[in-house]
Amino acid sequence: MRVLSGIQPTGRFHWGNYFGAIRQYIDLQGQPENAFYFIANLHALTTVRDPQRLQQNTLDAAIDLLALGLDPNRATLFLQSDVPEVSELCWLLMTGAPMGLLERCHAYKDKKAKGLTADAGLFAYPVLMAADILIYDSTTVPVGEDQVQHIEVCRDLAAAFNHEFGEAFVLPKAKVLDTSARVPGIDGEKMSKSYGNTLEVFEEPKTLRKQIMRIVTDSRPMEQPKEPGTDHLFQLYSLFADDAQREALAATYRRGGFGYGEVKKALADLAVDYFAEARGRRAEFEAHPEQVRDILAAGAARARPKAAEVLLRAQRACGLKN
Ligand code: ADP
Ligand code: TRP
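Residues numbered from 1 in each chain as written. Chains lettered and ligands numbered in written order. Predicted model: local features only at pLDDT ≥ 70, side-chain atom pairs only at ≥ 80, totals over all residues. Heavy atoms only, no water.

A. Inspection of the state of the cysteines at higher detail. Under the criterion given, the structure shown has 0 disulfides. In this structure C90 is not part of a disulfide, and its nearest cysteine sulfur, from C154, lies 11 Å away. Note on C154: relative accessible area 0%, which makes it buried. (Disulfide = S-S within 2.5 Å. Buried < 20%, exposed > 50% of the residue type's maximum accessible area, 1.4 Å probe, protein only.)

Structure, rendered in structure tokens:
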């Protein structure tokens, strides 16, 4: 069994990324051989076209993951581009990837639907993702709902290759992350970088407090009882609260007679506290980027032999090597 997932370094992580994905990756670590996580900088290149920014985002993503609990003794963390075998396998898969299959993939399709022109990199994005997965004989790929289509493409490409050339690849399965953890943003919509409604995991506490005070709430009178289940401020509070705190706030909502300002202040206190330890660890890693680079290099050194083995298997299968 090998768990594998990738995260794009396209910006700083927000609460949605943490509760929807990163926390669950961390829960799945065990032995470094069995849990591979990489920073998908080759994929990010399809959108981040500023070299300094890509470098900075990549280092930040590594530091954030380590600070949040990704443990190099229990998982293998590396940069996608440090395993060049993956680009080569991508080409092998590309030669047999049906255009129609890729045209249906949502990142490309959505861009076309908006009348924008797409690059070949965006079009082939799912093929590179398939190579990422297949090259480590991955069995389990934890991803958000939005990525499930790409795992299906990966399985299709692997099955077609196996059918044509003999069993070269292990077929992976998606492990859909708990979507009940869908985190709302400050406007109540899904928290997302593209909606500009995020609260970042490592935001300065002072700034974070200000942003939390701006969470949109309704204008019903204070005295009126409110239903906690449908309230996004309550949902955000629940991410950080223990059962007793959650129950107590739910009772307050149902009773009425409270102001949202108090809830926001309580949320800010809990959130700042929740990430305090990680913030401390982040500061240490930030002061020693060479340590982070060493961890990434050691991760790549662990991942590469496996990648070389699977690439050779595929090259032999299709007649590039004997
Ligand atoms: P963004 O929408 O901000 O660009 P990404 O698409 O880069 O975020 O998110 C990476 C992963 O983080 C997603 O596959 C998903 O699993 C998770 N994620 C992102 N936003 C949320 C959210 N609001 N709630 C739960 N999970 C989320
Ligand atoms: N496309 C994924 C995302 O945007 C990141 C990714 C790249 C990935 N390669 C992967 C995820 C392989 C899982 C497996 O979230």
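B. Layout of the domain arrangement of the protein. Each assigned domain of the protein is listed here: domain 1 (3–182 + 288–318) and domain 2 (203–274). In this structure, domain 1 and domain 2 have C-alpha centres spaced 36 Å apart. Listed by partner, the interface residues are 4 residues for domain 1 and 8 residues for domain 2. Summing both partners gives a buried area of about 490 Å² for domain 1 against domain 2, and 80% of it is carried by carbon and sulfur. Three residues, W15, Y18 and F19, lead the burial of domain 1 against domain 2; their summed loss comes to 87% of the area buried on that side. Where domain 1 packs against domain 2, one counts 0 salt bridges. Looking at the side of domain 1 that touches domain 2 residue by residue, the class counts come to 3 nonpolar, no polar and 1 charged. (Domains from an automatic or database assignment. Contact = heavy atoms within 4.5 Å. Buried area = accessible area lost by both parts, 1.4 Å probe. Salt bridge = Lys/Arg side-chain N within 4 Å of Asp/Glu carboxyl O. Nonpolar A, V, L, I, M, F, W, Y, C, P; charged D, E, K, R; others polar.)

C. The arrangement of the site of ligand 1 in detail. Taken together, 14 residues sit near ligand 1, with H14, V183, M191, S192 and K193 positioned nearest. A distance of 3.2 Å is found between a nitrogen atom of ligand 1 and a backbone nitrogen or oxygen belonging to G16. Contact between ligand 1 and N17: an oxygen atom at 3.1 Å from a side-chain N or O atom of the residue. Relative to its unbound accessible area of 540 Å², ligand 1 is 78% covered by the protein chains. Across the shell around ligand 1, the residue classes tally to 4 nonpolar, 6 polar and 4 charged. (Near = heavy atom within 4 Å. Polar contact = N/O pair within 3.5 Å; in protein donor to acceptor, adjacent residues only side chain to side chain. Areas by Shrake-Rupley, 256 points an atom, 1.4 Å probe, with all protein chains shown as cover.)

D. Region of interest: the nonpolar core. W15, L68 and L267 are the most contacted members of the largest nonpolar core, which has 58 residues in total. Summarising the domain contributions, this core has at least three residues from each of domain 1 (3–182 + 288–318) and domain 2 (203–274). Once residues lying within four places of it in the same chain are set aside, the contact partners of L68 are Y18, I22, I26, V201, F202, F275, A278 and R281. In this structure, C90, L92, L128 and A303 belong to the second largest nonpolar core, which totals 43 residues. (Core = buried A, V, L, I, M, F, W, Y, C linked by side-chain atoms within 4.5 Å.)

E. How the structure looks around the site of ligand 2. Close to ligand 2 lie 14 residues, the nearest being Q8, H43, Y125, D132 and Q147. Y125 is positioned with one of its side-chain polar atoms (N or O) 2.7 Å from a nitrogen atom of ligand 2. Taking Q147, its side chain carries an N or O atom lying 3.0 Å from a nitrogen atom of ligand 2. Considering ligand 2 on its own, with 370 Å² of exposed area, one finds that the protein chains cover 89% of that surface. If you list the elements that add at least two residues to the shell around ligand 2, you get β1 (3–7), α8 (125–134) and β4 (140–143). Looking at the shell around ligand 2, the element that brings in the most residues is α8, giving 4 residues. Within the shell around ligand 2, the residues separate by chemical class into 8 nonpolar, 5 polar and 1 charged. (Helix = DSSP H or I, 4+ residues; strand = E, 2+ residues; numbered from the N terminus.)

F. Examining the packing of helix α10 (residues 205–213) against helix α13 (residues 260–274) more closely. Interaxial distance between α10 and α13 falls to 9 Å at its minimum, and their mutual angle equals 150°. With respect to their mutual orientation, α10 and α13 come out roughly antiparallel. The hand of the α10/α13 crossing is right-handed. Touching P205, L208, R209, I212 and M213 of α10 are G261, K264, K265, L267, A268, D269, A271 and V272, all from α13. Residue composition of the contact of α10 with α13, by class: 8 nonpolar, 1 polar and 4 charged. (Axes fitted to C-alpha atoms, helices over the stretch in contact; angles between N-to-C directions. Parallel < 35°, antiparallel > 145°, perpendicular 65-115°, else oblique. Left-handed = near helix turned anticlockwise from the far one by under 90°.)

G. Focus on the environment of T46. Structurally, T46 is set in the loop between α2 (41–44) and α3 (51–67). For T46, a relative accessible area of 25% corresponds to the partly exposed category. Linking T46 and Q291, residues 245 residues apart in sequence, is a C-alpha distance of 28 Å. If sequence neighbours within four positions are ignored, T46 has contacts with G121, L122 and Y125. There is a polar contact of 2.6 Å between the side chain of T46 and the backbone oxygen of H43.

H. Seen up close, the side chain of D137. Mapping D137 onto the fold places it in the loop between α8 and β4. Residue classification places D137 among the buried positions, given a relative accessible area of 12%. At a separation of 2.8 Å, a polar atom in the side chain of D137 contacts the side chain of R313.

I. Representation of the pattern of salt bridges in the model. Under the defined criterion, the tally for this structure stands at 16 salt bridges. For R2, the salt bridge identified is with E33, shortest N-O distance 3.1 Å. Here the residue R2 occupies a position in the segment before β1, and E33 occupies one in the loop between α1 (15–27) and β2 (35–39), the gap between them amounting to 31 residues. Residue R281 is joined to E277 by a salt bridge in which the shortest nitrogen-to-oxygen separation is 3.4 Å. Placement of both R281 and E277 in helix α14 (residues 276–287) is noted, with a separation of 4 residues, approximately one turn of the helix. E277 gets classed as exposed once you look at its relative accessible area, which sits at 62%.

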